[in-house]
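One-letter residues, chain by chain:
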Amino acid sequence: MNILKTLVAAALATAALAVPQAQASTLKQVEAHGVLKVGMLVDFPPFGLMSTAGKPEGYDADTAKALAKYMGVKVQLVPVTGPNRIPYLLSGQVDVLVASLGITPDRAKRVDFSRPYAGIEIMVYGKKSVKVTDAKDLAGKSLAVVRASTQDQAVTKIAPKSTIIRRFDDDAAAVQALMSGQTPLMGVSNVVAAQINKAKPGEFNEKFALATQVQGIAVVPGSTKLLAKINDFIAHAMKDGTMDKISEKWLGTKIQPFVRNGSVKAALAAKK
Amino acid sequence: MYHFNFTPVFDNFDLLLYGAWLTVRLSFAAMVLGLVVSVLGAVARTSRFRGLHWIVGAYVEVIRNTPFLVQIFFLYFGLPAIGISLGPNLAALIALVVNVGAYGTEIARAGIESVPRGQVEAGRALGLGPLQIFRYIIFRPALRNVYPALTSQFIYLMLTSSVVSTISANDLASAGADLNAKTFASFEIYLVVTALYLALSLLFSGLFRALQGALFNYPASR
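Here is what the cut-offs are and how they apply
Residues numbered from 1 in each chain as written. Chains lettered and ligands numbered in written order. Predicted model: local features only at pLDDT ≥ 70, side-chain atom pairs only at ≥ 80, totals over all residues. Heavy atoms only, no water. Helix = DSSP H or I, 4+ residues; strand = E, 2+ residues; numbered from the N terminus. Buried < 20%, exposed > 50% of the residue type's maximum accessible area, 1.4 Å probe, protein only. Areas by Shrake-Rupley, 256 points an atom, 1.4 Å probe, with all protein chains shown as cover. Lys, Arg positive; Asp, Glu negative; His and termini not counted. Charge placed at Lys NZ, Arg CZ, Asp CG, Glu CD. Contact = heavy atoms within 4.5 Å. Salt bridge = Lys/Arg side-chain N within 4 Å of Asp/Glu carboxyl O. Core = buried A, V, L, I, M, F, W, Y, C linked by side-chain atoms within 4.5 Å. Domains from an automatic or database assignment. Buried area = accessible area lost by both parts, 1.4 Å probe. Arc of directions from axis to C-beta. Pairing = 2+ DSSP bridges. Axes fitted to C-alpha atoms, helices over the stretch in contact; angles between N-to-C directions. Phe/Tyr/Trp six-rings, centres within 6.5 Å; stacked < 30°, edge-to-face > 60°.

Caption draft 1: Seen up close, the overall build of chain B. Helix and strand counts for chain B stand at 9 helices and 0 strands. What you see in chain B, going N to C, is helices and strands ordered as α-α-α-α-α-α-α-α-α. Considered along the principal axes of its C-alpha atoms, chain B spans approximately 70 × 45 × 25 Å. When the 222 residues of chain B are sorted by exposure, 45% land in the buried category. When the accessible area of chain B is evaluated, it comes to approximately 12100 Å², of which 69% is carbon and sulfur surface. Averaging the coordinates of the 14 positive side-chain charges in chain B and doing the same for the 9 negative ones gives two points 19 Å apart.

Caption draft 2: Here's a closer look at the overall build of chain A. Counting its regular elements, chain A contains 12 helices and 11 strands. Taken over the C-alpha atoms alone, chain A extends approximately 70 × 55 × 35 Å along its principal axes. In chain A, which comprises 272 residues, the proportion classed as buried is 47%. Restricting to contacts in chain A with at least 6 residues of sequence separation, those with at least 24 account for 70%.

Caption draft 3: The arrangement of the pattern of salt bridges in detail. If you walk through the whole model with that rule in mind, you get 10 salt bridges over all chains. A salt bridge links aspartate 62 of chain A to lysine 249 of chain A; the nearest nitrogen and oxygen atoms lie 3.2 Å apart. Here aspartate 62 of chain A, found in helix 3 (residues 59-71), pairs with lysine 249 of chain A, found in helix 10 (residues 242-251); they are 187 residues apart in sequence, far enough to count as distant. One network of salt bridges, in which partners are shared, links Arg147, Asp152, Arg167 and Asp169 of chain A together with Asp178 of chain B.

Caption draft 4: Examining unusual backbone geometry more closely. A cis geometry characterises the amide bond from proline 45 of chain A onward to proline 46 of chain A, with omega recorded as 0 degrees. Positive phi, close to 50 degrees, is recorded for serine 100 of chain A, a residue that is not glycine. By the element assignment, serine 100 of chain A lies in strand 6 (residues 96-102). Phi at serine 168 of chain B takes a positive value of approximately 70 degrees, unusual for a residue other than glycine. Tracing the backbone through its elements, the reader meets serine 168 of chain B in the loop between helix 7 (130-160) and helix 8 (172-183). Judged by relative accessible area, serine 168 of chain B falls into the buried class, the value being 3%.

Caption draft 5: Layout of the nonpolar core. Counting 63 residues, the largest nonpolar core has Tyr125, Phe168, Met186 and Ile196 of chain A together with Leu16 and Leu172 of chain B as its most contacted members. Those residues in contact with leucine 16 of chain B that lie beyond four places of it in its chain are Val9, Leu172, Ala175, Gly176, Leu179, Val192, Val193 and Leu196 of chain B.

Caption draft 6: Region of the structure containing the domain arrangement of chain A. Residues and elements named next belong to chain A. As assigned here, chain A comprises domain 1 (23-120 + 214-271) and domain 2 (121-212). Each of domain 1 and domain 2 has a C-alpha centre, and the two are 29 Å apart. The interface is formed by 11 residues belonging to domain 1 together with 9 residues belonging to domain 2. Across the domain 1 to domain 2 interface the summed buried area is about 710 Å²; carbon plus sulfur atoms make up 56%. Sorting the residues of domain 1 by area buried against domain 2 places Ile120, Leu251 and Phe258 first, and these three jointly supply 55% of that buried surface. Summed over the shared surface of domain 1 and domain 2, the number is 0 salt bridges.

Caption draft 7: Broad picture of the interface of chain B and chain A. At the junction of the two partners, chain B supplies 14 residues and chain A supplies 12 residues. The junction of chain B with chain A conceals about 1100 Å² of combined surface from both sides, 51% of it contributed by carbon and sulfur atoms. Considering only the side of chain B, the residues that lose the most area to chain A are Phe77, Ser168 and Asp178 of chain B, jointly responsible for 40% of the buried surface there. Linking chain B with chain A are 2 salt bridges.

Caption draft 8: Looking closely at helix 10 of chain A. All names here are of chain A. If you check which residues of helix 10 are buried, you get Met243, Asp244, Ile246, Ser247, Trp250 and Leu251. Along the axis of helix 10, the buried positions cluster into a sector of 165 degrees, meaning they face one direction only. Opposite the packed face of helix 10, turned more than 90 degrees from it, sit the exposed residues Lys245 and Lys249. Once helix 10 finishes, glycine 252 follows within two positions and takes phi at roughly 80 degrees, a positive value.

Caption draft 9: Structural context of the sheet that holds strand 3 (residues 48-50) of chain A. All names here are of chain A. Reading across the sheet, the 3 strands line up as 2-3-4 and stay open at both edges, with antiparallel pairing between neighbours. The open sheet terminates on both sides in strands that have one partner only, identified here as strand 2 (43-44) and strand 4 (56-57). As defined by bridge partners, strand 3 adjoins strand 4 across 2 bridges and the pair is classed as antiparallel. Paired with methionine 50 across the bridge in strand 4 is proline 56.

Caption draft 10: Representation of the sheet that holds strand 8 (residues 142-146) of chain A in the model. Residues and elements named next belong to chain A. The sheet built from 8 strands is open, its strands ordered 5-1-6-11-7-10-8-9 with mixed pairing. Two strands in the sheet have a free side with no partner beyond their single neighbour: strand 5 (74-80) and strand 9 (164-168). Taken pair by pair, the neighbouring strands of this sheet meet at an average axis angle of 25 degrees, ignoring direction. Judged from the 5 bridges that link them, strand 7 (residues 112-127) and strand 10 (residues 185-189) form a sheet pairing that is antiparallel. Across the sheet, residue glycine 126 finds its bridge partner in strand 10, namely leucine 185.

Caption draft 11: Inspection of the packing of aromatic side chains at higher detail. Counted by the stated rule, this structure contains 17 aromatic pairs over all chains. A connected cluster of aromatic rings, assembled from ring pairs, spans Phe4, Phe6, Phe10, Phe13 and Phe187 of chain B.

Caption draft 12: A look at the environment of phenylalanine 168 of chain A. With respect to the helices and strands, the residue phenylalanine 168 of chain A is situated in strand 9. Distance from phenylalanine 168 of chain A to valine 145 of chain A, taken between C-alpha atoms, is 6.2 Å for residues 23 residues apart in sequence. Setting aside residues up to four positions removed in sequence, phenylalanine 168 of chain A forms contacts with Ala144, Val145, Val146, Arg147, Ala173, Ala174 and Ala177 of chain A together with Tyr76, Phe77, Thr166, Ile167 and Ser168 of chain B.

Caption draft 13: Quick peek at the pairing of strand 11 (residues 204-219) of chain A. All names here are of chain A. Pairing of strand 6 with strand 11, which is carried by 3 bridges, proceeds in the antiparallel orientation. Each residue of the ladder has a partner; that of glycine 102, found in strand 11, is glutamine 215. With 13 bridges connecting them, strand 7 and strand 11 associate as antiparallel partners. Looking at the pairing, aspartate 112 lines up with valine 219 of strand 11.

Here's what the structure looks like:
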């Protein structure tokens with residue numbers, strides 16, 4: 001029995017050793033290599049996707065390229081997936097993550113976040129001519145949502161009783177209801193709103209936000225100098241219009257105030 | 001062993017009943033209007049006017065050879081492009097009437113054609129007018145002959161009406177989907193929804209049987 005225990009303990013110890021320890025990528029190392037290895041998603045359009053030529057592109061890719069340019073190094077984009085992106089970073093296979101990583105308290109325990117560089121917002125969106133500025137104005141109006149989506153839950157919670165919430169099975173049908181004029185309003189994310197705006201420019205606009213989630217660039221905890229450099233980059237890119245250009249290209253709008261004025265602290269406080 | 005938990009279902013039973021009530025109203029209205037369309041369609045289809053014959057034929061072929069889902073999307077999402085905006089419940093009703101009308105036309109036509117020519121000639125010999133001949137000699141026996149086929153089409157219409165939840169009409173299927181999205185008790189919810197549809201089907205077929213007894217209890221000619 002004792003032998004067994006020892007064996008198990010030994011096995012566990014070995015396993016623990018085998019797990020790669022978090023290695024802080026220092027700014028110096030990156031600069032010495034001349035390459036910034038960036039982990040990004042390629043299955044999360046329009047933030048990260050594969051181009052028809054098989055290269056990663058999107059909001060995250062453009063941000064990563066601008067970051068590397070600012071640091072004066074080359075960029076290497078490494079495709080990661082949702083579940084393995086943090087292990088990729090912590091095991092040192094990438095220097096930073098520009099992987100649409102939402103700033104949440106759980107993740108903040110494992111990685112250090114930069115200030116927000118992007119954000120996902122769900123909102124009430126609709127025809128320009130419809131006057132709606134807050135939940136009260138929804139009274140008596142009809143609004144399309146995808147059944148059981150976060151928008152559905154948010155709208156159901158705040159809308160007055162007389163609001164007619166029309167629930168559809170998917171984005172396509174709900175968007176169709178808005179575009180065909182069956183409902184003047186819709187609960188939607190900024191990503192889908194950008195697609196609607198592309199299809200029918202200038203016909204619809206945002207009425208008010210339901211909820212927001214900001215995304216940060218992540219580094220291994222303790223990479224203080226690297227993080228400071230990234231924060232400098234974001235501040236700079238916000239000011240000189242680089243981020244606006246990226247945002248307009250992929251989301252159809254300039255950087256929203258909740259991203260521009262957001263901070264890690266505020267994002268974490270909002271999730272508590 | 002799966003543990004049944006019907007609490008979410010029975011706590012929200014009013015939602016399901018409200019949905020079932022819309023399904024009943026929608027189906028009943030579509031059956032009545034659909035019967036009218038079917039009879040008119042069948043008369044046109046058996047008439048001597050070539051144009052009328054062709055128009056109704058085209059209607060029947062188009063509707064019977066396209067999916068109901070596409071028809072309902074066309075009415076709800078497509079028509080607003082030419083300025084006709086129907087609410088989900090009205091669009092659902094029209095789609096159901098148009099759909100069942102096409103199938104009903106063919107069924108009713110079969111009924112009319114099943115009435116022996118000689119019977120009509122006998123009526124004419126007795127000095128009956130064309131309307132009287134249609135009413136007493138063609139329509140009633142025709143309907144009696146195809147009654148089972150027509151009523152099973154109507155039951156099928158009631159079940160098909162579950163598709164209208166895709167255009168956000170608040171029928172029984174949509175109430176079930178909403179409840180499922182809220183509580184995730186899929187097994188219990190759809191068990192109860194299935195039971196409710198079954199109950200509605202039995203209710204309608206009971207009604208049809210009672211009507212049959214009242215309308216067609218005269219002795220058969222053959």
